[in-house]
Amino acid sequence: MEKNSIMAKLSSLFFISLFLQAALFATCCRGKPQLQAKKDAARTVPFFLFGDSYLDVGNNIYINTSTLDQANFWPYGETYFDFPTGRFSDGRLISDIIAKHANLPFIQPFLQPGFQQYYLGVNFASAGAGALAETFQGFVIDLKSQLSNYYKAENWLRQKLGNDEAKMTISRAVYLFSIGSNDYMSPFLTNSTILHNYSDSIYVGMVIGNLTTVIKEIYKRGGRKFAFINLPDLGCLPGMRIIKSENNGSCLEHATSLAILHNKALSKLPFELGKRLKGFKYSLFDFNSSLRKRMLHPSKYGFKEGEAACCGTGKYRGVYSCGGKRRVKEFQLCKNPNDFLDLVRSHGLPKNHVALFILGDSVFDPGNNNYINTISRANYWPYGETFFKYPTGRFCDGRLTSDFIAEYANLPLIPPYLQPGNHQFTYGVNFASAGAGALAETNRGFVIDMKTQLSYFKKVEKLLRQERGDAEAKTIISKAVYLINFGPNDYVSPFTSNSTVLQSFSKEEYVGMVIGNLTETIKEIYRKGGRKFGFRNLGQLGCVPLLKILVPGNTGSCFEEVTELAKLHDVALSKALQELEINLVEFKYAMHDLSISFGERLNNPEKYGFKEADTACCGSGPYRGISSCGGKRGVTEYELCSDPTEYLFFDSSHLSEKGNMQIAELMWSGAPNITRPYNLKALFEA
């Protein structure tokens, strides 16, 4: 509703100063806070956010609303994230910048599936929301509902930390509010007659009254530090200036007068609360003055345009059409959101654009299993503790090999296919599912098997053709790199379950079934236009901690029965790829020899910066080989090392981020003796 009016760079330049000066985060620990551990929770300052699209980081992706209140499509997110996140911006929002300066990670949307980690705070904001329940009712999460969601988060903290520690955590937290814009704009954007029933001062009083109630409720529960953002001259925003054609582009004065009344009342509110509520502290940022200065004198602040929006249509680009997913499908987009040049940008792909499509298992799964009914998940602490500072669903303390490869290819993090709201596939997408195999029988019912992942790819290919046209879609598909990893679960599951499959087939026959399915998937992608493929073989699969504990006597030896299957697999895969290269025109591939890279790190960990290559960082039992990391898989007790960078393995069967990075580097630019006949860098450049 109000989103098309905000210049992209505002959310990354001048919102920060007052919040930093106000020292509401003053009790925060120095350095980077560690996520979720109780001892760290006692030293951090959580950040809770309430409001509208100025602060919504994606909650509206997960509710039944219209595209008017969603921003999960291009060009939203185009600059910083390189893909739409649900934020109404080309990049980060106010809250993201403040969190960064407070040494906090991105504060996650409360409604994000699989996210229930509130030690560092959470974001409740909803685009289109108001302080009044009637504002865009049924399409947003109003302020009262946001408060009820806060109650749930607070109860979670009490359950996890105990009442005393939760009380201290809540009192240390900062509560940021940006609310009111939609309450005052909606009467002009809809058929509402509410302003006919109340005087302006009474209506503003209703908005401020609801906000006051919410603040008091949080205070009653222990909140003490509050921050507020006042309203801009609402009638001067691009979307409001075009409402009345007779105004000839002038500001809509009635909307601006409501904002002025609101700001006067808001300036008095925290002052009065501070007199009555013991320990109440606040910061009030004058957004109104800051924005007005930049609209009147844009060049002084580094902008070339202060009146028109970067994205939209019509005068001032005030028609709410950005992205073409709303009523008006045509839209204009400036070349540089930081400058706001009044130019239309081509909607074609960047020159030399190469997408990355990923199929596989937990080696590559960035969180698809968060969205299916399975126990094979990693969406809880301590997974994600180092790089992301929260669990994403990756089986790692940080990034996966595929994440690093995307980075080397100048791509954003490739999102999981099942992530709600993810419908932008020009950079690629990740179909991988932890526990998946090339055989449908492998962990059936708990994973997304290879055949299903292939069906998802076919849906994406069809969507690309519908959205981009056959010619451009063909270019995307043919230039893309397909990163594939299947096999480990097919060979491990017979030994970790009650399967009798190896009694029915010889080892060679069983491996042949795996390679046969994998080969057919490659051919299907090739038929759809795929030409460039990346693989890694299995190496010493029996040497992961999970399998070493199966060796009687815990001698430290590897589980040779699995390693033998892996060796047969590697020989067969190499032969199959060579045959495909001969038989399929333009077929190119990169095969990384994990038996060399993994073997060297197992045998000489110190040479590669590791102190431990036999035992995992997280787990229990010998070698921490029991899959208990996080305590959510039956065995609740587990051990966790203090520094994952010292360990080759993070959990019982997955490498640490440091290990993943080293493998990724070799896959990307390794010499022919270790990645051949091409490396991934050569494929991306081909």
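Keep in mind the model is a prediction, meaning the values are calculated, not measured.

Basis of the calculations
Residues numbered from 1 in each chain as written. Predicted model: local features only at pLDDT ≥ 70, side-chain atom pairs only at ≥ 80, totals over all residues. Heavy atoms only, no water. Disulfide = S-S within 2.5 Å. Helix = DSSP H or I, 4+ residues; strand = E, 2+ residues; numbered from the N terminus. Phe/Tyr/Trp six-rings, centres within 6.5 Å; stacked < 30°, edge-to-face > 60°. Buried < 20%, exposed > 50% of the residue type's maximum accessible area, 1.4 Å probe, protein only. Axes fitted to C-alpha atoms, helices over the stretch in contact; angles between N-to-C directions. Parallel < 35°, antiparallel > 145°, perpendicular 65-115°, else oblique. Contact = heavy atoms within 4.5 Å. Nonpolar A, V, L, I, M, F, W, Y, C, P; charged D, E, K, R; others polar. Expected span 1.5 Å × (residues − 1). Pairing = 2+ DSSP bridges.

1. Remarks on the state of the cysteines
Tallied over the entire structure, the rule returns 6 disulfides. Linked covalently through their sulfurs, cysteine 618 and cysteine 629 form a disulfide whose S-S length is 2.0 Å. Negative torsions about the S-S bond denote left-handed disulfides, and the value of about 100° found for cysteine 618 with cysteine 629 makes this one right-handed. Remark: cysteine 629 occurs in the loop between strand 13 (618–619) and strand 14 (639–640) and cysteine 618 occurs in strand 13; sequence separation between them is 11 residues. Here the chain pairs its bonded cysteines, counted in sequence order, in the arrangement 1-2, 3-6, 4-5, 7-8, 9-12, 10-11.

2. A closer look at the packing of aromatic side chains
A full pass over the atoms with the stated rule returns 47 aromatic pairs. Ring centres 5.7 Å apart and planes at 85° place the aromatic pair tyrosine 150 and tyrosine 175 in the edge-to-face group. Of this pair, tyrosine 150 sits in helix 5 (residues 143–161) while tyrosine 175 sits in strand 3 (residues 174–178); the two residues are 25 residues apart in sequence, bridging distant segments of the chain. Judged by its relative accessible area of 0%, tyrosine 175 is buried.

3. Side note on the packing of helix 16 (residues 488–496) against helix 18 (residues 507–527)
Angle between the axes and distance between the axes are the two parameters that describe a pair of packed helices. Their axes nearest at 10 Å, the elements helix 16 and helix 18 cross at an angle of 140°. In terms of axis orientation, helix 16 runs oblique to helix 18. Listed contacts from helix 18 to Asp490, Tyr491 and Pro494 of helix 16 are Tyr510, Val511 and Val514. Here the residues of the contact of helix 16 with helix 18 are counted per class, giving 5 nonpolar, no polar and 1 charged.

4. Comments concerning helix 11 (residues 253–276)
Taking 1.5 Å as the rise per residue, helix 11 with 24 residues should run 34 Å; its terminal C-alpha atoms sit 35 Å apart, in good agreement. Of all the positions in helix 11, only Ala255, Thr256, Leu258, Ala259, His262, Asn263, Leu266, Leu269, Pro270 and Leu273 are classed as buried.

5. As for the sheet that holds strand 12 (residues 588–592)
With respect to topology, 6 strands assemble into an open sheet ordered 9-8-10-11-12-15, the strand pairing being mixed. Each of the sheet's edge strands pairs with one partner strand only, and the pair in question is strand 9 (428–430) and strand 15 (675–677). Across the sheet, the axes of successive neighbouring strands diverge by a mean angle of 20°, strand direction being ignored. By the bridge criterion, 3 bridges tie strand 8 (residues 356–360) to strand 9 in an arrangement that is parallel. Bridge pairing in strand 9 links phenylalanine 357 to valine 429. Contacts from helix 14 (residues 450–468) reach strand 8, strand 9 and strand 10 (481–485), with the element oriented near 160° to strand 8.

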